[in-house]
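For reference, the chains in residue letters:
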Amino acid sequence: MFIQPGSPWENGYNESFNGKLRDELLNREIFYSLKEVQVLTEQ
């Protein structure tokens, strides 16, 4: 019923989101500043 602290892999929805974010944004971009990352993630 509850996810143990330090065990994010127990939450399938969270893991799915993290995987999609990495595949669709983080692995395709080279970031030159933190501001650039913020703008792209907001879009």
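Computed from a prediction, not measured in an experiment: that's the story for all the values here.

Conventions we followed
Residues numbered from 1 in each chain as written. Predicted model: local features only at pLDDT ≥ 70, side-chain atom pairs only at ≥ 80, totals over all residues. Heavy atoms only, no water. Helix = DSSP H or I, 4+ residues; strand = E, 2+ residues; numbered from the N terminus. Buried < 20%, exposed > 50% of the residue type's maximum accessible area, 1.4 Å probe, protein only. Lys, Arg positive; Asp, Glu negative; His and termini not counted. Charge placed at Lys NZ, Arg CZ, Asp CG, Glu CD. Contact = heavy atoms within 4.5 Å.

S.K.: Help me out: how do you make sense of the overall build of the chain in this one?
M.R.: Helix and strand counts for the chain come out as two helices and zero strands. By its C-alpha atoms, the chain is 40 × 15 × 15 Å across when sized along the principal axes. Expressed as a percentage of its 43 residues, the buried residues of the chain come to 5%. If you average the places of the 4 positive and of the 7 negative side-chain charges in the chain, the two averages end up 3 Å apart.

S.K.: Could you clarify how one ought to interpret the environment of Leu 40 in this entry?
M.R.: Turning to its location among the elements, Leu 40 is positioned in helix 2 (residues 34–42). In sequence terms Leu 40 and Leu 25 are 15 residues apart; their C-alpha atoms lie 8.3 Å from each other. Among residues more than four places away in sequence, those in contact with Leu 40 are Leu 25, Glu 29 and Phe 31.

S.K.: Hey, could you run me through the environment of Leu 21 in this one?
M.R.: Checked against the element boundaries, Leu 21 lands in helix 1 (residues 12–26). Sequence-wise, Leu 21 and Thr 41 are 20 residues apart; in three dimensions their C-alpha atoms are separated by 9.1 Å.

S.K.: It is not clear to me how the environment of Leu 25 should be interpreted in this structure. Could you clarify?
M.R.: Tracing the backbone through its elements, the reader meets Leu 25 in helix 1. On the accessibility criterion, Leu 25 (13% relative accessible area) is buried. Along the chain, Leu 25 and Thr 41 lie 16 residues apart, while their C-alpha atoms are 8.0 Å from each other. Not counting chain neighbours up to four residues away, the residues in contact with Leu 25 comprise Phe 31, Leu 40 and Thr 41.

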